[in-house]
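Here is what each chain is made of, one letter per residue.
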Amino acid sequence: MDSTISLTDRLLQLSRLKAHEKEAVQDYKPVNLVELLQQACFSRLRQAESKNIDLGYEGENTQWIKGEPVLLTEMCANLLDNAIKYTPEGGMVTARVIISPCKTYCYLEVDDSGPGIAEEEVSLSLMAFNRLDNAAGHEGAGLGLALVKDISIYHGTHPQLLPSKTLGGLLVRIPFRFSDD
């Protein structure tokens, strides 16, 4: 029952995002991205501990961007849920917000020691209802990364799915411009 409610909620969110994706971003509020990501980590500690996964946050203490807080919270949740789901027992998931070298934007990153995604499958993994071969045995409808992509686009950015150089799995990196406020 809970998975049906969750699926319905995600479908509604996708639908709302698609309906409003051309709206201007000037209505965004200042949001502390670090706080949202840390809260998402904290709320998933039990989930990570059930698989003996080392889940942690590193990086900036505060980073303000302009955005829609509910959608950004959902994006952080989806990134962490996917990382924990696909990281094997005893693995590692690290979330971070770091400043770009040019200091004009920041990166939200979620890094894991899971199987990663082959470069040729990255665009497929971002499509709604599409599940890759490495999803075998994992519950889901193929909406997590599609929702992350749509929320990113709604905020004028796009997720980058890269091989993790530090943990060996997947690194999802999303750049955000700093808030002017």
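Worth saying up front: this structure is predicted, and the values here are computed from it rather than measured. (Residues numbered from 1 in each chain as written. Predicted model: local features only at pLDDT ≥ 70, side-chain atom pairs only at ≥ 80, totals over all residues. Heavy atoms only, no water.)

1. A word on the packing of aromatic side chains
Reasoning step 1: Tallied over the entire structure, the rule returns two aromatic pairs.
Reasoning step 2: Relative to Y154, the ring of Y28 has its centre 5.9 Å away and its plane inclined at 45°; by these criteria the two rings are tilted. With Y28 in the loop between α1 (2-20) and β1 (29-32) and Y154 in helix α6 (residues 144-154), this residue pair connects regions lying 126 residues apart in the sequence. Grouping residues by exposure puts Y28 and Y154 together as buried.
Reasoning step 3: Between R173 and the ring centre of Y107, over which it is positioned, the NZ or CZ distance is 4.8 Å. (Phe/Tyr/Trp six-rings, centres within 6.5 Å; stacked < 30°, edge-to-face > 60°. Helix = DSSP H or I, 4+ residues; strand = E, 2+ residues; numbered from the N terminus. Buried < 20%, exposed > 50% of the residue type's maximum accessible area, 1.4 Å probe, protein only. Lys NZ or Arg CZ within 6 Å of the ring centre and 35° of its normal.)

2. Examining the pairing of strand β4 (residues 92-99)
Reasoning step 1: Here strand β2 (residues 54-59) pairs with β4 via six bridges, running parallel. Paired with E58 across the two strands is R96, which belongs to β4.
Reasoning step 2: Here β4 pairs with strand β5 (residues 105-112) via seven bridges, running antiparallel. Each bridged residue has a counterpart across the sheet, and for I98 the counterpart in β5 is Y107.
Reasoning step 3: In this antiparallel pair of consecutive strands, β4 and β5, the connection spans five residues, and K103 shows a positive phi of 60°. (Pairing = 2+ DSSP bridges.)

3. Some details on the pattern of salt bridges
Reasoning step 1: Overall, the coordinates contain five salt bridges when judged by the stated rule.
Reasoning step 2: Residue D81 pairs with R44 through a salt bridge whose shortest N-O separation is 2.7 Å. On the criterion of sequence distance, the pair formed by D81 in helix α4 (residues 69-86) and R44 in the loop between α2 (33-43) and α3 (45-50) is long-range, its members being 37 residues apart. Both residues of the pair, D81 and R44, belong to the buried class. (Salt bridge = Lys/Arg side-chain N within 4 Å of Asp/Glu carboxyl O.)

4. Some points on unusual backbone geometry
Reasoning step 1: Even without being glycine, N52 reaches a positive phi, approximately 55°.
Reasoning step 2: Relative to the elements of secondary structure, N52 occurs in the loop between α3 and β2.
Reasoning step 3: Its identity as a non-glycine residue notwithstanding, K103 has a phi of 60°, on the positive side.
Reasoning step 4: Position of K103 among the secondary structure elements: in the loop between β4 and β5.

5. Here's the deal with the sheet that holds strand β7 (residues 170-177)
Reasoning step 1: Within the open sheet, the five strands sit side by side as β2-β4-β5-β7-β6. Their pairing is mixed. Across the chains shown, the open sheet's two edge strands, defined by having one partner strand only, are β2 and β6 (160-163). Taking each pair of neighbouring strands and ignoring which way they run, the sheet shows an average axis angle of 20°.
Reasoning step 2: Lying over the sheet, α4 contacts β2, β4, β5 and β7, oriented at roughly 30° with respect to β5. (Axes fitted to C-alpha atoms, helices over the stretch in contact; angles between N-to-C directions. Contact = heavy atoms within 4.5 Å.)

Purely geometric numbers; function is a separate question.
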